[in-house]
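Chain residues, written in single-letter form:
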Amino acid sequence: MPVSSAVPLLRVRDLGITHDGETTRAPASVSFDVAPGEVVLLLGPSGSGKSTLSLALNGLIPHAVPATVTGSVVVDGLDTNATTVAELSTRVGMVFQDPDAQLVTGTLLDEVAFGPENLRMPVAEVLARAEAALRRVGLWERRSENPDRLSGGGRQRLAIACALAMGSPLLVLDEPTANLDPRGIEEVYDALAELVAAGDRAILLVEHNLDAAVGFVDRVVVLDHEGRLAADGTVDDVLRGRAEELHEMGVWLPVSSIAALRLRRAGYVLDPLPLTPAELHAALETAPTPVPRSSGERSETNRVAPAPIVGSRHFVSLVPRSLTDQEEASFPLITVRDLSLRRGRSEVLHGIDLDIGRGEFVAIVGANGAGKTSLIQAMAGVVPPPRGAVTVDGIDVGRADARTLSSRIGFVFQNPEHQFIAHTVFDEIAHGLRLQHLPEDEVRTRAEALLDRFGLAGRAESHPFLLSGGQKRRLSVGTALVAGAPVLVLDEPTFGQDRARADELLGLLSELNDDGTTIIVVTHDMQLVTEYADRTVVMADGRVLVSGPTPEVFADAALIERAGLRLPPLRRALHGLQRHPELSRIARLTDLPDAPTPTPSGVASPARAGGAA
Amino acid sequence: MSRSNRAQVSTAYLLTCAAIGVAGGIVLAAGWWISSMLFITVPLISVAIAGLWLMPAVIALRLIQRPFAGLLVGLISGLVLAPFFTVGAIGTTLWWALFAELGFLLVLYRFWHTWQHYASALIVSIVYPIMAAASFDLWTIPLGMQIAYFGVTLVSCFAGTWLGIVVADRLRKAGVAKLARRRTPVAAAEPAA
Amino acid sequence: MTESAPLLAVQAPDARFDPYAQRIEASPVRFLYALNPLAKLAAPLPAMIVLIFVRDAATPAAFLLLAYAVLLVGARFTRVLAGVLLLALPLGALAIGFGFSLWTDASQVDDTPVFWQIGGWTLYQGALAIGFATGLRLAAIVALTLIAGLSTTGPDLVRASVQHLRVPYRIGYTALAAFRFVPRFGHELDVIRQAHRVRGSHGGRGPFTAVARWFGYVVPLMAGAIRHAERVALAMDSRAFGAYPDRTERHLVPYRVRDTVFIVLFWAASAAVLWLFFPWGLG
Ligand SMILES: Nc1ncnc2c1ncn2[C@@H]1O[C@H](COP(=O)(O)OP(=O)(O)OP(=O)(O)O)[C@@H](O)[C@H]1O
Ligand SMILES: Nc1ncnc2c1ncn2[C@@H]1O[C@H](COP(=O)(O)OP(=O)(O)OP(=O)(O)O)[C@@H](O)[C@H]1O
Ligand SMILES: [Mg+2]
Ligand SMILES: [Mg+2]
């Protein structure tokens, strides 16, 4: 544990927390300090207890959330166990993941004033604080608006302003960007970067999306699977120095670092390990062209280098599929012709034309409110499209009844809980089979086979709501699949999930895709799009801006920018490389040069790169 | 261990009741339209969904098992309905919630058994028809219908209470409302199933 | 008060779409908006209570007129107001009137002239009178509640109750938070319905499947609602909600002389009407 010279603002000692109803502690016995003005990043695999830990920092655990706590948390000399949440709120400001769940009032100004008003400050002081906080996040001009009218990123900045107005020297943020579009994420991190530059607040940040966060972090604290402290040190010590170790533990690294590890293995000299696209770019510009054979020291890296974003199954099966692409593209499975859709009093889709071929993996991207959800809902008949506008597998979606549709196209909603209608995981899957009037023992065998495949066999009798986030998502995919629909449509399947789970899910989808299922996903994660989608549809303001093979779409940086999106991190890092032109057109981690040993992936990736580019 | 300031109820309790109230209000809004339509055409049948009015409060009391949860839920669902059904809605929902709460209020919240819900339902199904009869002038309808009117109310109130209990139990099974729920020693030992 | 007024005015453009919008802009003649919500609730209360027991047609008719007069002068003449006053209420009263005359026990009114006769069934004028008295009575009660209902926003009512009725502010804010839940949960319900339809879970028609279907929405709706509420509660706690028995109030909903004047005038008018039509058909 690094002992800073200053008195620690936050002192966590041997902290262990067990939620009521749980049997294991997460976190378990964690100790660390945060000094005034320090920016600390808290990392750990999903379920290691990061959110639980952050709730303990301002006393919500144990005062508001029923849990058993061992060890101690001392903030600014106050033991959280013996101090009210209200009193601690002046020491610790909190920003949570869901911006909507942090709004209480009807205007931005009222919202920021809410905290100081609770502290019974005089009106003048309340207004002064509110103004200072709103100016700091750049929302002062919009103070009289309704928070609902802000974008997701704007609302999250408002939440930061609300925490700032409490005047607390420590700010705790739990995944503040988990469900924002790329521009929203940028907005939030711009606001945070300004705070850090001012240097008067300590920040504890929990974040899976390291690409954006890593730029201004001083220290990194890592929890392992069991919720114990695994590392605590500077960014250089922990992220750069122990990258391989963290990687093995299942902690996510920035995309640039993953790429760098892989490039190192291919013989590029990248020391220290780059963390951001800019750093990787710069490092590559100074790195010499690799010598074919890697040294013995590098073999250590070999073990961990396969990029986790891409499942190994995906790799192997890429080749046959690209062969069948052409013959099937001539018979589009889904055709959309001049589709316009009204919702409420306004038209949200304007004259959309789109074809999707059998067996394709299509990603639909666009800024918040671009009409992605509306489009896929119209395609799947969730919202009835005008007659004749959408055909799926020869069926007019505008005329078809629900049961016919559900046998042709499976739809997975953003929130899996909305879709659950049974009281056990097993019945959830069996429901779709029973609708087809199959005999009960066939229902059982088929449901069990599916649960097995999705790694849910052990939870068959649990209530669906009690599953973890990743498990819920897999179950919702299973329920959409079980009817045997040849098309699967997913609305933001990576929403609110950490990258490990997102990856696991996408691995599953590619597997299904390889078996012939047509997959359509809406997502904000550009790197995932680049890794998995054959084709990308970019939407803006209810229109299709462009639809084409993924590499071609992302090759047009101006268009991506115009759609309010950002290029995937790897592309930003490699694009326009002078020194290594062979890398400059690569966008996918799988396409990066690998260790020069003939492995299956070594064979597959050049083939894929050639086919795609 | 948890020393909260004064003996005040938690924010989670208040907002959980608000959420049940709002969700209940949304469902009640649908019920209200149906009952208004019925009221205009066949007034007697409109009491068949009287039990619906009991449901939100029953769900809250069963799920949270804390004093006044039913009344708070009644207040909130009334407030939600008020813009669409006038301020009188607050009175209506509070009135029904009070009866749902009665079975527990009368024993000063010493214990929480299932039969108390049904006792509440019994009381309200006697009181409501009498009060409604006074305001709608039901003493002018034939006696047989008056008896049917009481019977339908009784069945409806019991059905509403039963449904509320079923919903609350399902929610509990789904692990919902842990923050607001009365914390029993059993809850801490409950295995993660 | 001074610093809050201009801020609230900015809200107005959206007021049309949002039943819970903060405040309504109106000319000074539309006096209802300038009154304290509590005054608008208290003024018609005695009349409403008496109306429950009244049995004649003239008393409710008089109160109906009084309520219409107050609303037509005091509230902005919007499409909603027109729809309610000129369509919904009269039609409702008519329908209830007819409905109740059909169900009235004929033996009580068979001394009155026959109004309508089909086969063995007779509708007496007495039955019609009872039915329409009931229709008028209910319409009058509804019209009286509209005085507050059409000119008050939920948040203002909550603020007024906190400031003048000593309702604990934590309850008040719970109500305010609830108002914010409404559109969200309404939308969530839509999504749940769509999701269930996609699952093919609604086979068949008829009232019973419809009820079963609605029942299937209740658990996911409530579970989602409560989860959301818990998150909001934690966010509020983190911002010192409930730290003290009271809190700084920036939006004041004052109780002024004009509120008392309104109540006194309305009570006086009610008393006059009641005196005029005594014994209200009870004697
Ligand atoms: N309200 C709760 N009731 C019971 N158990 C809970 C509750 N919240 C979290 N847990 C459990 O506590 C453990 C730690 O969860 P926590 O949410 O803190 O993890 P995390 O590190 O934040 O994960 P993620 O990266 O997915 O957000 C998990 O096993 C989780 O199931
Ligand atoms: N039920 C609805 N009623 C009215 N308008 C709606 C409805 N649903 C969506 N809209 C509007 O339609 C437009 C497109 O919404 P949509 O949800 O399709 O966007 P999206 O691309 O999925 O955005 P996000 O990334 O935020 O999910 C938005 O302006 C939205 O406000
Ligand atoms: Mg978390
Ligand atoms: Mg969407």
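These figures come from a predicted structure and were not determined experimentally.

## A few points about the overall build of chain B
- Within chain B one finds 7 helices and 0 strands.
- The order of helices and strands in chain B, counted from the N terminus, is α-α-α-α-α-α-α.
- Out of the 193 residues in chain B, the part that is buried amounts to 55%.
- Pairs at least 24 apart in sequence give 73% of the contacts found in chain B among residues at least 6 apart.

## Observations concerning the pairing of strand β13 (residues 361-366) of chain A
Residues and elements named next belong to chain A.
- Taken across its 6 residues, β13 has 6 buried, putting it largely inside the fold.
- With burial as the criterion, each face of β13 is covered, one bearing F361, A363 and V365 and the other bearing V362, I364 and G366.
- The pairing of β13 with strand β18 (residues 518-522) spans 4 bridges and is classified as parallel. Of the residues in β18, the one forming a bridge with A363 is V521.
- Pairing geometry for β13 and strand β19 (residues 535-540), over 5 bridges, is parallel. Counterpart to V362 in the pairing with β19 is R535.

## Some remarks on the interface of chain B and chain C
- The partner chain C presents 56 residues to the 56 residues of chain B that form the contact.
- Between chain B and chain C, roughly 4700 Å² of surface is buried when both sides are summed, and carbon and sulfur atoms account for 77% of that area.
- For the pair chain B and chain C, the interface holds 5 residue pairs in polar contact (both at pLDDT 80 or more).
- The set of elements that each furnish at least two residues to the side of chain B that touches chain C consists of α1 (11-41), α2 (50-64), α3 (69-85), α4 (88-105), α5 (114-136) and α6 (143-173) of chain B.
- Top element by residues in the side of chain B that touches chain C is α1 of chain B. It accounts for 15 residues.
- Classifying every residue of the side of chain B that touches chain C by side-chain character gives 41 nonpolar, 11 polar and 4 charged.

## Things to note about the side chain of T161 of chain B
- Tracing the backbone shows T161 of chain B in helix α6.
- Beyond its immediate chain neighbours, meaning those up to four positions away, T161 of chain B contacts L54, V58, H117, Y118 and A121 of chain B.

## Some thoughts on the confidence of the model for chain B
All names here are of chain B.
- Averaged over all residues, the pLDDT of chain B is 82; the fraction at 70 or higher stands at 80%.
- Within chain B, no element has a lower average pLDDT than helix α7 (residues 185-189), which sits at 46, and none a higher one than α2, at 91.
- Every residue in residues 1-6 scores below 50 in pLDDT, and together they form 15 contacts with partners more than four places removed in sequence or on other chains.
- Note on residues 186-193: pLDDT is under 50 here. Beyond four places in sequence and across chains, it has 9 contacts.

## Describing the UniProt feature "transmembrane region" (unreviewed entry) in chain C
Residues and elements named next belong to chain C.
- UniProt feature "transmembrane region" (unreviewed entry): in the numbering of this structure it lies at residues 47-73, 80-103, 123-150 and 260-278.
- Helix and strand shares over residues 47-73 are 85% and 0% respectively, and the end C-alpha atoms of the span are 20 Å apart.
- Summarising residues 80-103: 100% helix, 0% strand, and an end-to-end C-alpha distance of 32 Å.

## Looking at the site of ligand 1
- Contacts to ligand 1 come from 15 residues, most closely from S46, G47, K50, S51 and T52 of chain A.
- Neighbouring residues of ligand 1 are not confined to one chain but are distributed across chains A and B.
- Here an oxygen atom of ligand 1 sits 2.9 Å away from a polar atom, N or O, in the main chain of G49 of chain A.
- With respect to ligand 1, the side chain of K50 of chain A contributes an N or O atom lying 2.8 Å from an oxygen atom.
- Contact with the protein chains removes 69% of the 630 Å² of surface that ligand 1 exposes when unbound.
- A per-element tally of the shell around ligand 1 places helix α1 (residues 50-57) of chain A first, with 3 residues.
- Class assignment for the residues of the shell around ligand 1 results in 2 nonpolar, 8 polar and 5 charged.

## Re the site of ligand 2
Residues and elements named next belong to chain A.
- With respect to spatial proximity, 13 residues lie near ligand 2, and among them G369, G371, K372, T373 and S374 are the closest.
- A distance of 2.7 Å separates an oxygen atom of ligand 2 from a polar atom in the backbone of G369.
- Across the complex, the protein chains shield 64% of the 630 Å² of accessible surface that ligand 2 would expose by itself.
- Here the shell around ligand 2 takes 3 residues from helix α15 (residues 372-380), the largest share from any one element.
- Of the residues that constitute the shell around ligand 2, the class distribution is 3 nonpolar, 7 polar and 3 charged.

Rules used throughout
- Residue positions within a chain follow its written sequence, with the count starting from 1.
- Starting at A for chains and at 1 for ligands, labels are handed out in the order in which the entities are written.
- Where local features are concerned, this predicted model is filtered to residues with pLDDT of at least 70; where side-chain atom pairs are given and counted, the filter is 80 or more; whole-chain, interface and lining totals use all residues.
- Calculation of side-chain values draws on the structure's entire complement of heavy atoms; hydrogens and water are dropped beforehand.
- In this text, helices come from DSSP runs of H or I with a minimum length of four residues, and strands from runs of E with a minimum of two, each type numbered from the N-terminal end.
- For each residue, the accessible area found with a 1.4 Å probe, counting protein chains only, is set against the maximum for its type, and the residue is called buried under 20%, exposed over 50%, and partly exposed in between.
- By definition in these notes, contact holds between two residues if any of their heavy atoms fall within 4.5 Å.
- Think of it this way: DSSP has to see at least two bridges between two strands before they count as a pair.
- The buried area of a pairing is the accessible area, by a 1.4 Å probe, that goes missing from both parts when the two are put together, added over both.
- Counted as a polar contact is a pair of N or O atoms within 3.5 Å, where, for protein atoms, one must be capable of donating a hydrogen and the other of accepting one, and residues adjacent in sequence contribute only when both atoms are in side chains.
- Polar here means any residue other than Ala, Val, Leu, Ile, Met, Phe, Trp, Tyr, Cys and Pro, which are nonpolar, and Asp, Glu, Lys and Arg, which are charged; Gly is therefore polar.
- Per-residue confidence from the prediction method is given by pLDDT, with values spanning 0 to 100.
- UniProt positions are given in the numbering used here, feature names are shortened, and annotations may be inferred rather than shown by experiment.
- To be near a molecule or strand, a residue needs just one of its heavy atoms within 4 Å of it.
- Note on areas: these come from Shrake-Rupley sampling with a 1.4 Å probe, and a residue is covered only by the protein chains present in the view.

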